[in-house]
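Listed below are the residues making up each chain.
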Amino acid sequence: MCHSFFDPRTKVLLRILSREKLYILCANHCATIPRRVENPNYSRMKLEIEDITVYFPYDKIYPEQYSYMVELKRALDAKGHCLLEMPTGTGKTIALLSLITSYVLSKPHSPLKLLYCTRTVHEMEKTLAELRLLHHYQLRHLGPAAKILALGLSSRKNLCVNPRVLAAENRDSVDAGCRKLTASWVRAVAAENPSVPSCEFFEQYERAGSSAVLPPGVYTLQVGAFGFDWVWMLVT
């Protein structure tokens, strides 16, 4: 049996033909979205948006999300600017991450990179959690070809691994303490005089050179703990 309804907000006609297929008809675009989940214990979807296979880590999608991804994909193709707006709670983040990571996977030799800016640390951690969920799905489906490197960057207060610096009371004090140990002129003096304090973590990182590279993965602010363990391993 076919059930149809029209969403006046997005001018999208949804026509549910069966439990396995959902057809979305837009003004100038038609696509088939599979609704069946291959593994019932792991919800997911694969969407064909023009010439791109989009990996979406949930078994349901809002029509707004699909329209968002279509327009975003066309903006990437055109190598232009794109301004898209969706209401709060309609899944902007996972729609954007799903489309762009899938776009990059379809073009392995493309230099395309994603810079995602957030207003707060909480928003950044939430975005990275969504990306980690998506990445796990892509790895399950594509294997090593889906490997990416993604990490959140924040202030020294959140990422510094030197306990002496982190003992400071506030962010400004942490910044000042870091500069006192890592400034180029301080390091030059410390190289001549070992009694001058420097940051052993930064020095180990510098000596490691090109080998100090994060392995592929999605890192939240816990990347600081990874850096501490990695440098400590070098020291010991």
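For the structure given in this document, a descriptive report is provided here. (Residues numbered from 1 in each chain as written. Predicted model: local features only at pLDDT ≥ 70, side-chain atom pairs only at ≥ 80, totals over all residues. Heavy atoms only, no water.)

1. Quick word on the overall build of the protein chain
Check the secondary structure of the protein chain and you find nine helices and eight strands. For the protein chain, the proportion of its 236 residues judged to be buried stands at 34%. In the protein chain, the proportion of contacts linking residues at least 24 apart, taken out of those at least 6 apart, comes to 48%. (Helix = DSSP H or I, 4+ residues; strand = E, 2+ residues; numbered from the N terminus. Buried < 20%, exposed > 50% of the residue type's maximum accessible area, 1.4 Å probe, protein only. Contact = heavy atoms within 4.5 Å.)

2. Some remarks on the packing of aromatic side chains
Following the criterion strictly, the structure yields two aromatic pairs and no others. Geometrically, the ring pair formed by tyrosine 55 and tyrosine 137 is edge-to-face, given 5.9 Å between the ring centres and 70° between the ring planes. One end of the pair, tyrosine 55, is in strand 6 (residues 52-56); the other, tyrosine 137, is in helix 3 (residues 121-142), with 82 residues separating them in the sequence. Note on accessibility: tyrosine 55 and tyrosine 137 belong to one class, buried. Ring centres of phenylalanine 56 and tyrosine 58 lie 5.9 Å apart, and the angle between their planes is 65°; on these two criteria the pair is classed as edge-to-face. Residue classification places phenylalanine 56 among the buried residues on the basis of a relative accessible area of 1%. The class for tyrosine 58 is partly exposed, based on a relative accessible area of 31%. (Phe/Tyr/Trp six-rings, centres within 6.5 Å; stacked < 30°, edge-to-face > 60°.)

3. Thoughts on the packing of helix 2 (residues 92-106) against helix 3
Look at helix 2 against helix 3: their axes get within 10 Å of each other, and the N-to-C directions meet at 40°. Classed by the angle they form, the pair helix 2 and helix 3 counts as oblique. Note that helix 2 runs across helix 3; the crossing there is right-handed. Along the contact surface, helix 2 presents Thr93, Ile94, Leu97, Ser98, Thr101, Ser102 and Leu105, while helix 3 presents Thr127, Glu130, Leu131, Leu134, Gln138 and Leu142. Here the residues of the contact of helix 2 with helix 3 are counted per class, giving six nonpolar, six polar and one charged. (Axes fitted to C-alpha atoms, helices over the stretch in contact; angles between N-to-C directions. Parallel < 35°, antiparallel > 145°, perpendicular 65-115°, else oblique. Left-handed = near helix turned anticlockwise from the far one by under 90°. Nonpolar A, V, L, I, M, F, W, Y, C, P; charged D, E, K, R; others polar.)

4. Structural notes on the nonpolar core
By size, the foremost hydrophobic cluster in this structure holds 27 residues, and its most contacted members are Leu47, Ile49, Val54, Ile61, Met69 and Leu99. For this core, the elements supplying multiple residues, two or more each, are strand 5 (45-49), strand 6, helix 1 (63-78), helix 2 and helix 3. Take this core: its biggest share by element is seven residues, from helix 2. Counting residues in each nonpolar core, the second largest holds eight residues, with Cys160, Val161, Cys178 and Phe201 among its members. (Core = buried A, V, L, I, M, F, W, Y, C linked by side-chain atoms within 4.5 Å.)

5. Focus on unusual backbone geometry
Of note in the backbone geometry, glutamate 50 takes a positive phi value of approximately 55° without being a glycine. Position of glutamate 50 among the secondary structure elements: in the loop between strand 5 and strand 6. The exposure class assigned to glutamate 50 is partly exposed, which follows from its relative accessible area of 37%. At lysine 79, a residue that is not glycine, the phi angle is positive and equals roughly 55°. Among the structural elements, lysine 79 can be located in the loop between helix 1 and helix 2.

6. Points about the pattern of salt bridges
Here the structure, examined in full by the defined rule, presents 10 salt bridges. A salt bridge links glutamate 203 to arginine 187; the shortest N-O distance between them is 2.7 Å. Taken together, the positions of glutamate 203 in helix 8 (residues 200-208) and arginine 187 in helix 7 (residues 184-192) put the pair 16 residues apart, joining distant regions of the chain. Overall, the relative accessible area of 15% leaves glutamate 203 in the buried class. Assessed through its relative accessible area of 24%, arginine 187 is described here as partly exposed. Through salt bridges with shared partners, a single network forms among Glu50, Asp51, Glu71, Lys73, Arg74 and Asp77. (Salt bridge = Lys/Arg side-chain N within 4 Å of Asp/Glu carboxyl O.)

7. Quick notes on the packing of helix 1 against helix 2
Close contact between helix 1 and helix 2 brings their axes to 9 Å; oriented N to C, the two are set at 40°. Relative to helix 2, helix 1 is oriented oblique. For the element pair helix 1 and helix 2, the recorded crossing hand is right-handed. In this structure, helix 1 contributes Gln65, Tyr68, Met69, Leu72, Lys73, Leu76 and Asp77 to the contact, and helix 2 contributes Lys92, Ile94, Ala95, Leu96, Ser98, Leu99, Ile100 and Tyr103. Partitioning the contact of helix 1 with helix 2 into residue classes produces 10 nonpolar, two polar and three charged.

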